[in-house]
Amino acid sequence: DVKVTQSSRYLVKRTGEKVFLECVQDMDHENMFWYRQDPGLGLRLIYFSYDVKMKEKGDIPEGYSVSREKKERFSLILESASTNQTSMYLCASSLFGERQPQHFGDGTRLSIL
Amino acid sequence: ELKVEQNPLFLSMQEGKNYTIYCNYSTTSDRLYWYRQDPGKSLESLFVLLSNGAVKQEGRLMASLDTKARLSTLHITAAVHDLSATYFCSSGAGSYQLTFGKGTKLSVIP
């Protein structure tokens, strides 16, 4: 089974802090994704990566950046956290190819105070 | 821009009954996925539909895809409490990006 592991289930940070969310997958997947999930809005794509050091913006990249230095690891960075970034963050991965299903991690519930 | 709409958003149904969740998408798409999410948990892949007329079944759930109508359905047969969850459909066209519906929260009551 595919295993997508997010480093924290719950995280509390303060406004203005730089925040790192880490995601690791163990199935040698080429594609990795970061979403945020908010009540009533569903899942919205922040960034995705289809190869090491490659990244593409999703629907809501403002205020975020990403890093993919190794194939198995994809990091989401909040450069200067704000309260409107309080949300559930989900990482996903998939095999190469646009039609491959995505496999999700357990999520990180991030609160910015 | 691809838009995905699910309905209903909330569904309360009695055990043993049948019901259908609908997923409409706005532009030509080459794939449709159904996911299940339990409270506090992540999304679990249920079905992958890649062609017109595709039908997949797993237990009491059956998903179908009509690309001409831009419609997918998730049919629940003889609902049981264990099916209570939020169900998402998602679609994409020509890129890695998927667009998700807002989810259907299903509650199965005795």
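Conventions and cut-offs
Every residue gets a number counted from 1 within its own chain, in the order that chain's sequence is written. The naming scheme follows written order: chains are lettered A onward, ligands numbered 1 onward. Whole-chain, interface and lining totals are the exception, using all residues; otherwise, since this is a predicted model, local features are given only for residues with pLDDT of at least 70 and side-chain atom pairs are given and counted only at 80 or more. Excluded from the side-chain calculations are hydrogens and water; all other atoms, namely the structure's heavy atoms, are used. Note on pairing: DSSP must find at least two bridges between two strands before they are called paired. Only DSSP runs of H or I covering at least 4 residues are called helices, and only runs of E covering at least 2 are called strands; the numbering of each starts at the N terminus. In this analysis, axes come from line fits to C-alpha atoms, helices being fitted only over the stretch in contact, and the angle between any two N-to-C directions falls in the range 0 to 180 degrees. Any two residues whose heavy atoms approach within 4.5 Å at even a single point are treated as in contact. Put simply, buried area is how much 1.4 Å-probe accessible surface two parts lose in total, over both of them, once they are put together. By convention in these notes, a salt bridge is any Lys or Arg side-chain nitrogen within 4 Å of a carboxyl oxygen on Asp or Glu. Note that Gly is not counted as nonpolar here; it falls among the polar residues with everything else outside the nonpolar set of Ala, Val, Leu, Ile, Met, Phe, Trp, Tyr, Cys and Pro and the charged set of Asp, Glu, Lys and Arg. For every residue, the accessible area (1.4 Å probe, protein chains only) is compared with the maximum for its type, and the residue is labelled buried under 20%, exposed over 50%, or partly exposed between those bounds. A pocket, in this scheme, is an open set of points on a 1 Å grid over the protein atoms alone with protein on both sides within 12 Å along at least 5 of 7 lines, while a cavity is a set where a 1.4 Å probe fits but cannot get out; residues line either one if an atom lies within 4 Å of a point. Grid points are joined across faces, edges and corners, and a volume is the space filled by probe spheres set on the points.

**Q** Help me out: how do you make sense of the sheet that holds strand E3 (residues 19-25) of chain B in this one?
**A** Hydrogen bonds along the backbone pair up the strands of a sheet, which may run parallel or antiparallel. Residues and elements named next belong to chain B. Overall, antiparallel pairing links the five strands, which are arranged E1-E3-E8-E7-E6 in an open sheet. A strand with exactly one partner marks an edge of an open sheet, and here the two such strands are strand E1 (4-7) and strand E6 (55-58). Across this sheet, the average inter-strand angle for adjacent strands is 15°, counted without regard to direction. Bridge analysis of E6 against strand E7 (residues 61-66) gives four bridges, and the strand direction is antiparallel. Paired with Lys 56 across the bridge in E7 is Ala 63.

**Q** Teacher, can you tell me more about the interface of chain A and chain B here?
**A** How big an interface is tends to be reported as the loss of accessible area on association of its parts. Contacts between the two partners involve 26 residues from chain A, matched on the other side by 21 residues from chain B. When chain A packs against chain B, the two sides together hide about 2000 Å² of surface, and 54% of this comes from carbon and sulfur. Summed over the shared surface of chain A and chain B, the result is zero salt bridges. Of all the elements, strand E5 (residues 42-51) of chain A adds the most residues to the side of chain A that touches chain B, at five residues. In the side of chain A that touches chain B, the residues fall into eleven nonpolar, nine polar and six charged.

**Q** Looking at this structure, I do not really get unusual backbone geometry. What am I missing?
**A** Outside of glycine, negative phi angles account for most residues, and trans bonds account for most peptide bonds. Residue and element names in this part refer to chain B. In this structure, the amide linkage connecting Asn 7 to the following residue, Pro 8, adopts the cis form with an omega of 0°. For Pro 8, the position within the fold is in the loop between E1 and strand E2 (10-14). Positive phi, close to 50°, is recorded for Ala 78, a residue that is not glycine. With a relative accessible area of 24%, Ala 78 lands in the partly exposed category.

**Q** Mind showing me how you'd approach the layout of surface pockets here?
**A** Once rolled over the atoms, a probe with the size of a water molecule shows which space is left empty. Approximately 630 Å³ is the volume found for the largest pocket. Along the walls of the largest pocket sit 26 residues, with Gln37(A), Pro39(A), Gln37(B), Thr86(B) and Phe88(B) positioned nearest its centre. Those elements that provide at least two residues to the lining of the largest pocket are strand E4 (31-38) and strand E9 (87-94) of chain A together with strand E9 (85-92) and strand E11 (104-109) of chain B. Class assignment of the residues belonging to the lining of the largest pocket gives a composition of nine nonpolar, eleven polar and six charged. In this structure, the second largest pocket is lined by 19 residues; those nearest its centre are Glu1(B), Leu2(B), Lys3(B), Thr99(B) and Phe100(B). Among the elements of the structure, E5 of chain A together with E1 and strand E10 (99-100) of chain B are those that each provide at least two residues to the lining of the second largest pocket. Take the lining of the second largest pocket: its biggest share by element is three residues, from E1(B). Taken together, the residues of the lining of the second largest pocket sort by class into eight nonpolar, five polar and six charged.

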